[in-house]
Amino acid sequence: MASGSAGGETTEKLENTDYTVGELFDGSVFHIPDYQRFYSWEQSEWSDLWQDLYNILDTDKGHYLGTVICRAEQRSVQTADDTPNYRGYGIVDGQQRLTTLVLLVRAIGSVYANIDETELSVEARKLYDAIPAEEHRRRFVIDQRIREVRSQNQFKLHLQDDDDEVFRSVLKEDVDETAVRTPSQRRLIDAYRYYREALEQRQTESSLEEFLHELTALLRTIQSLRLIVYTVDKPEEATLIFESVNDRGIGLSNLDKTKSFLMHSVYVADSPVDPLTFSIDTVQQRFGQIYRWMQDISETDRVADLSEDQIQRYHYISNIDRSLNASYLRSETTRRNKTLRSGAPVYLGAIKWHFTNLRTGKRPDLYEDYPRDCIEEIDEYTDSLTRYYSHMETIGSYGSSGDYDPALNWELQKIFALDRLGNFYPLLLTIWDEHVDGDLSRDSLHEILQLIEVASFRIYTTVSRSDTGRGTFYTLANDIATGDPSADWMIGKLKKRIRSKQNDFESLLRNPNAYERIRYKDLRYLLFSYELYLRHRDGGGGETNIQQAAENAGNDYTLDHIWPQDTSKLQLSESEAEIHEEIKNSLGNLTLTTGPRNSSWKNRPYHEKKDRIDEGESGYLNSDFTMTRAIARTYDEWGQTQIEERLDDIVEFAQKRWNLDAAVRRPKADIRPSEVE
């Protein structure tokens, strides 16, 4: 690829054609712009590449690795006097593949260097000396001919600032594990180790001569892999190619496709006569911020399982103009999707439709009075989208470090413990956005969070389908995000929606088969809330954790039937057995206990559970739970009368604890574990 001789000459520019990987790296230096996503390949992708390479090893088959889009840099990379300067390129698309290949080449070089030359036979020595390990290291990893100046170093591929230092430490095999801060940095280390260990395994399974043959073939295969390369000088050219690549169905996220489409839209709308004040660079920078937020989101316990596309969809549900969305669904989607008011399954198409209409002016019937033009709308959309990813990270990590409001953190803990956030994420993100913007006070935010918890518990313990009522909360989120409502309006509308969707809460609690009718997690959550109230009122109790109580916490929080389900040890009469069968699964017959105690108490009569059972075993009187001790202190015997009396107490508590009236609800809902321990 190099042309000319020494001095100020530069290697030839990459053309829009296909290259082998070796040709691509020969005379070129690459970097990943800060606005691109971080290294995201994991073991499944590493393994796929490894298998692909071995499938074509020692064959004449060519293998296309995909597409790479490069943006040519203005300045060349300085080299030694006897070498033409290299050209620098930013990688617009293809960074995952190129980064992984560099790590693989480095792993091959490391395993090669660790072979003990003194143990080589004559034949093996010839094979060893013939392997061009140093040539590949210089081409793909680090080239000493590059002059180290302030703006560059000698590595052939540079990642974003957040990852580049760790990447270089991996390539130098000088990794400081304490410096790892992000998932992408961990993936870089793990990818290198994956290939290093795979190579070492191959070495143990072969003779040394066979392994050296394999290394030679592997390096030759890597160098001969083919890529379709597009080289551009300006970001707007890259967006056109990137959009074309997306349209061919390559596996990109909807967020990636949105970024490409919006960059393309800005490019098309720009004019030399009337240049825009909003640039493609701004779109890139904002999506770069989003990728950084996603790094943090993936590390939080609460929201780590959320994908970037899910968060974008929640933003869309909250912020899209519903009348425009309805028009899109009527004109562009199937009959089934016309009934989906949020348009969630087709939100990317709706976004493109919306911005294209704004730019082209083809739908004056819809957009004549719209308050923003296409560029203003892109500015508004990308700014708002970035904020929502930031809010998701804040909500996910809230309370884990730094300054935070304990009362707000307690409400978030309860909401996440109930595990029904799919119904409420758009509303949660929207009210958080209102609060951050100063349009919603801390007290109003607290009240709305508590009402979301009320809705999550009261509504979804009484329905059989988890998505019942979801649309009404999505619509409320949209009304808030697209309007300018007062806090009182938001709270009033939320209460109205809860009233319209909740079924007979008391009837469910009083159902004699509540143990079977109510989700086990909800039963634990209800009784734990009751436990907090009793501890606050009466004092006592050990460490408490709402998340453990709601989740399947094993030995920490389980339910015990006070009147045992199994009657084998109860010596009941026929009439008593009939009553027992009717009432054994009543909420009034359930209490909290720990796993080991539940096991030792199982099926024993109440009078044995109440006191010490055997030497070394504790009964209800010595329980960790206030409610269980209170039962033992209050009742000498247990049966229908006691179950019904206790059920009345629990139902009365629940009706107040999950009441829509703040004055009734808050004395019980505000109780936090820190206040009762």
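J.: What exactly am I supposed to notice about the packing of aromatic side chains here?
T.: What characterises a pair of aromatic rings is the spacing of the ring centres plus the angle enclosed by the ring planes. Tallied over the full model, the rule gives 31 aromatic pairs. Ring geometry for Y194 versus Y195: centroids 5.3 Å apart, planes at 75°, classification edge-to-face. As far as the burial class goes, Y194 and Y195 line up, both buried.

J.: For this particular structure, what's the right way to read the sheet that holds strand β1 (residues 17–20)?
T.: Sheet architecture is open: six strands sit in the order β1-β6-β3-β4-β2-β5, paired in mixed fashion. Bordering the open sheet on either side are β1 and β5 (157–158), each of which pairs with just one other strand. In this sheet, strand β6 (residues 226–232) lies alongside β1 in antiparallel orientation, the contact comprising four bridges. Within β6, the residue paired with D18 across the bridge is I228. The sheet strands contacting helix α3 (residues 95–113) are β3 (64–72), β4 (87–93), β5 and β6, and the helix crosses β3 at an angle near 105°.

J.: What is the right way to read the layout of surface pockets from this model?
T.: Regions of empty space are outlined by a rolling probe, equal in size to a water molecule, passed over the atoms. Computed from the structure, the largest pocket encloses a volume of approximately 810 Å³. Around the largest pocket, the lining is made up of 31 residues, and of these R37, F38, S40, Q96 and D256 lie nearest the centre. Those elements giving two or more residues to the lining of the largest pocket turn out to be β4, α3, α7 (183–204), α10 (254–269) and α11 (280–297). When the residues that make up the lining of the largest pocket are grouped by side-chain class, the tally is 12 nonpolar, 10 polar and nine charged.

J.: Sorry if this is basic, but what is going on with the environment of I351 here?
T.: By the secondary structure assignment, I351 is in helix α15 (residues 347–360). For I351 and Y328, which are 23 residues apart along the polypeptide, the C-alpha to C-alpha distance reads 9.5 Å.

J.: Just to check I follow, could you spell out the pairing of β4 for this structure?
T.: Within a regular beta strand, the side chains point alternately toward one face of the sheet and then the other, so they alternate between its two faces. Taken across its seven residues, β4 has six buried, putting it largely inside the fold. Pairing between strand β2 (residues 28–31) and β4: four bridges, direction parallel. Its bridge partner being in β4, V29 is matched across the sheet by G88. Of the strand pairs in this sheet, β3 and β4 are connected by four bridges, and their pairing is antiparallel.

J.: Which parts of the structure should I look at to understand the pattern of salt bridges?
T.: For side chains of opposite charge, pairing can occur when their charged atoms come near one another. Tallied over the entire structure, the rule returns 41 salt bridges. A salt bridge links R125 to E117; the shortest N-O distance between them is 2.7 Å. The exposure class of R125 is partly exposed, given its relative accessible area of 30%. Residues R420 and D522 are paired through a salt bridge, measuring 2.5 Å at the closest nitrogen-oxygen approach. Pair noted here: R420 is in the loop between α18 (406–418) and α19 (425–436) and D522 is in helix α25 (residues 520–538), with a separation of 102 residues, a long-range link. Under the relative-accessibility criterion, R420 is labelled buried at 10%. Residue classification places D522 among the buried residues on the basis of a relative accessible area of 0%.

J.: Please explain the pairing of β2 as it appears in this structure.
T.: As paired strands, β2 and β5 are joined by two bridges and run parallel to one another. Residue pairing in the sheet places H31 in a bridge with H158 of β5.

J.: What's the story with the packing of α3 against helix α6 (residues 161–171) in this structure? I'm lost.
T.: When two helices pack together, their arrangement is given by the angle between the helix axes and by the axis-to-axis distance. Where α3 contacts α6, the two axes come as close as 10 Å, and the packing angle between them is 25°. As judged from the angle between their axes, α3 and α6 are roughly parallel. Here T99, V102, L103 and R106 of α3 lie close against α6, whose contacting residues are F167, V170 and L171. A class-by-class count of the residues in the contact of α3 with α6 yields five nonpolar, one polar and one charged.

J.: When you look at the environment of T83 in this model, what are you seeing that I'm missing?
T.: Positionally, T83 belongs in the loop between β3 and β4. Each C-alpha atom, one on T83 and one on T11, is 9.1 Å from the other, the two residues being 72 residues apart in sequence. Of the polar contacts made by the side chain of T83, one reaches the side chain of D82; its length is 3.2 Å.

J.: Explanation requested: the packing of α3 against α7 in the structure shown.
T.: Interaxial distance between α3 and α7 falls to 9 Å at its minimum, and their mutual angle equals 45°. Classified by the angle their axes make, α3 and α7 are oblique. Judged by the sense of rotation from one axis to the other, the crossing of α3 with α7 is right-handed. Seen from α3, the contacting residues are T99, T100, L103, L104, R106, A107, I108, S110 and V111; seen from α7, they are L188, A191, Y192, Y195, R196, L199, E200 and Q203. Of the residues assigned to the contact of α3 with α7, the class counts are 10 nonpolar, four polar and three charged.

J.: Can you walk me through the confidence of the model for the chain in this structure?
T.: For any part of a model where pLDDT is low, the fine detail of the predicted coordinates should not be relied upon. When pLDDT is averaged along the chain, the result is 86; 86% of the residues meet or exceed 70. Ranking the elements of the chain by mean pLDDT puts helix α14 (residues 335–338) last with 47 and α19 first with 97. Across residues 1–6 the pLDDT falls below 50, and counting only partners more than four positions away or on other chains, this stretch makes 16 contacts in the model. The low-confidence segment residues 246–250 (pLDDT under 50) makes nine contacts with residues lying over four places distant or belonging to another chain.

Quick notes on the rules
Residues numbered from 1 in each chain as written. Predicted model: local features only at pLDDT ≥ 70, side-chain atom pairs only at ≥ 80, totals over all residues. Heavy atoms only, no water. Phe/Tyr/Trp six-rings, centres within 6.5 Å; stacked < 30°, edge-to-face > 60°. Buried < 20%, exposed > 50% of the residue type's maximum accessible area, 1.4 Å probe, protein only. Pairing = 2+ DSSP bridges. Helix = DSSP H or I, 4+ residues; strand = E, 2+ residues; numbered from the N terminus. Contact = heavy atoms within 4.5 Å. Axes fitted to C-alpha atoms, helices over the stretch in contact; angles between N-to-C directions. 1 Å grid on protein atoms, 1.4 Å probe; cavity = no way out; pocket = protein on both sides within 12 Å on 5 of 7 lines; lining within 4 Å. Points joined across faces, edges and corners; volume = space filled by probe spheres on them. Nonpolar A, V, L, I, M, F, W, Y, C, P; charged D, E, K, R; others polar. Salt bridge = Lys/Arg side-chain N within 4 Å of Asp/Glu carboxyl O. Parallel < 35°, antiparallel > 145°, perpendicular 65-115°, else oblique. Polar contact = N/O pair within 3.5 Å; in protein donor to acceptor, adjacent residues only side chain to side chain. Left-handed = near helix turned anticlockwise from the far one by under 90°. pLDDT = per-residue confidence, 0-100.

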